[in-house]
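Chain and residue survey
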Protein chains: 2
Amino acid sequence: MKLLKEKIRQEGVALSDSILKVDSFINHQVDPDLMRQIGEDFAEHFKDQGITKVFTIESSGIAPAVYTAMSLNVPMVILKKQTSKILQTDVWQTEVLSYTKNIRYDLTLAKNYVNKKDQILIIDDFLASGEAAAAAIRLTEQAGATVAGIGILIEKSFQSGRGRLEELGFEVYSQARISRLAKDTIEFADD
Amino acid sequence: MKLLKEKIRQEGVALSDSILKVDSFINHQVDPDLMRQIGEDFAEHFKDQGITKVFTIESSGIAPAVYTAMSLNVPMVILKKQTSKILQTDVWQTEVLSYTKNIRYDLTLAKNYVNKKDQILIIDDFLASGEAAAAAIRLTEQAGATVAGIGILIEKSFQSGRGRLEELGFEVYSQARISRLAKDTIEFADD
């Protein structure tokens, strides 16, 4: 997506060969109009998949996901990060290891907000190892629903996430694909 | 705000004299069109305050705050919850005690995304004790910016939050004010 790539070129900060800061428009300060256009782009891409709900992972995916859901005219569901395992009988849970934060948490989905007929679009800000997206897929499948697509704002194409999700049989649509990072250098996969 | 109150009447679940679950349209599953209308209502209410940024607290306030920011045509900034105190010289931080979760965290704001000329609108989903809103005010004032208003989706008017914020000299606009909760009973302050 052209606009997102331009914004990354202008404001993204490559801190190392693996860390890209996009704090000024996605993760900390958020540009609402960019989020709206990102949401419309996802909605356009997935418009023929019969999406019934948009899932996202707390919390950086919420802003783009809510605009995607609005454009598709379906609800959004925020998969919650729980750091402790409290026994709750009315939820689906799956453990996730966050590489960036080096913590484990239980991604949680209340059973009320998913059913076997749901066609789920998973939206997240970053795809790196694919750990978070794979957890969202596990939760969806635990609930008996179908993952109809995965939409990512920024893919680190030099990491294993895309391959991992494609091996599981899922379509991944990334709005910006980064082939290489180095201090002060950002290269896109399709430049 | 009429629509929000209707939604609370229809889908809110009073679990006790202090706990109101709104998981089906605000906190877990999110109704994007309601969020858009909530954002437009806040923007209309605060349109003459010269707002330059909308602040919200991670993560339930993000969806309504991003629509508020879009309607006001300003950026949104997500105040982050950090559970550990890592020394970072380029951030403002203030400690918050979460009564509902019984944890302490450091609410964090990067210095880059606030300046002394900013007129800040703080948006949050709930106002109960006012602890989170007071922390957002402290951060704003640490940065030398001005709190121009506080917008709340659901106020528990039987708790101390509104009084506390008004004593500090701030205007609080709550879209739904609840005067009493009891198991399966929700009463509004202006009914």
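The preceding data block contains the structure.
Right, let's walk through the structure included here. Not measured: the values here are computed from a predicted model.

**Thoughts on the overall build of chain A**
Looking only at helices and strands, one finds six helices and 11 strands in chain A. Computed over C-alpha atoms, the radius of gyration of chain A comes to 16 Å, within 12% of the 16 Å expected from 2.2 N^0.38 for 191 residues, which places it in the range of a compact globule. Based on the C-alpha atoms only, the size of chain A along its principal axes is roughly 50 × 35 × 30 Å. Burial statistics for chain A: of 191 residues in total, 55% are counted as buried. In chain A, 62% of the contacts between residues at least 6 apart in sequence involve partners at least 24 apart. Per element, the accessible surface of chain A, about 8400 Å² overall, is 46% carbon and sulfur.

**As for the relation of the copies chain B and chain A**
After a rotation of 180° and a shift along the axis of 0.0 Å, chain B superposes on chain A with an RMSD of 0.0 Å. Taken together, the rotation and translation describe the operation of a two-fold axis.

**What about helix α4 (residues 62-72) of chain B?**
For α4 of chain B, the tally of buried residues reaches nine of 11 residues, placing the bulk of the element in the interior. Just downstream of α4 of chain B lies N73 of chain B, where phi reads positive at about 60°.

**Things to note about the packing of aromatic side chains**
On inspection of all chains with the given rule, the structure shows five aromatic pairs over all chains. When the ring of F46 of chain B is compared with that of Y173 of chain B, the centres are 6.2 Å apart and the planes differ by 70°; the resulting orientation is edge-to-face. Of this pair, F46 of chain B sits in the loop between α3 (32-45) and β4 (53-57) while Y173 of chain B is found in strand β10 (residues 172-182), placing the two residues 127 residues apart along the sequence. Within the aromatic cluster, the residues linked to one another by ring pairs are F42, F46 and Y173 of chain A. In this arrangement the basic side chain of K156 of chain B is found over the ring face of F126 of chain B, its NZ or CZ atom lying 5.3 Å from the centre.

**Some words on the pairing of strand β6 (residues 91-98) of chain A**
All names here are of chain A. As judged from the eight bridges shared by β6 and strand β7 (residues 103-110), these two strands associate in the antiparallel manner. Looking at β7, one finds that T94 is bridged to L107. Hairpin geometry of β6 and β7 is characterised by an intervening segment of four residues between the two adjacent antiparallel strands and by a positive phi of about 55° at N102.

**Section: the interface of chain B and chain A**
Contacts between chain B and chain A engage 28 residues on the former and 28 residues on the latter. Summed over both partners, the interface of chain B with chain A buries about 2400 Å², with 62% contributed by carbon and sulfur atoms. If you sort the residues of chain B by the area they bury against chain A, H28, Q29 and Y113 of chain B come out on top, with a joint share of 28%. Our enumeration of links across chain B and chain A arrives at zero salt bridges. The tally of links from chain B across to chain A stands at 14 residue pairs in polar contact (both at pLDDT 80 or more). Taken together, the elements giving at least two residues each to the side of chain B that touches chain A come down to α2 (23-27), β3 (29-30), α3, α4, β5 (76-82) and β7 (103-110) of chain B. At six residues, α4 of chain B tops the list of elements feeding residues into the side of chain B that touches chain A. In the side of chain B that touches chain A, the residues fall into 16 nonpolar, seven polar and five charged. Pairing of strand β5 (residues 76-82) of chain A with β3 of chain B, which is carried by two bridges, proceeds in the antiparallel orientation. Residue M76 of chain A lies in a different strand from β3 of chain B, and its bridge partner there is V30 of chain B.

Cut-offs and rules
- Residues numbered from 1 in each chain as written.
- Chains lettered and ligands numbered in written order.
- Predicted model: local features only at pLDDT ≥ 70, side-chain atom pairs only at ≥ 80, totals over all residues.
- Heavy atoms only, no water.
- Helix = DSSP H or I, 4+ residues; strand = E, 2+ residues; numbered from the N terminus.
- Rg over C-alpha atoms; globule rule 2.2 N^0.38 Å.
- Buried < 20%, exposed > 50% of the residue type's maximum accessible area, 1.4 Å probe, protein only.
- Contact = heavy atoms within 4.5 Å.
- Areas by Shrake-Rupley, 256 points an atom, 1.4 Å probe, with all protein chains shown as cover.
- Least-squares fit on C-alpha atoms with pLDDT ≥ 70 in both.
- Phe/Tyr/Trp six-rings, centres within 6.5 Å; stacked < 30°, edge-to-face > 60°.
- Lys NZ or Arg CZ within 6 Å of the ring centre and 35° of its normal.
- Pairing = 2+ DSSP bridges.
- Buried area = accessible area lost by both parts, 1.4 Å probe.
- Salt bridge = Lys/Arg side-chain N within 4 Å of Asp/Glu carboxyl O.
- Polar contact = N/O pair within 3.5 Å; in protein donor to acceptor, adjacent residues only side chain to side chain.
- Nonpolar A, V, L, I, M, F, W, Y, C, P; charged D, E, K, R; others polar.

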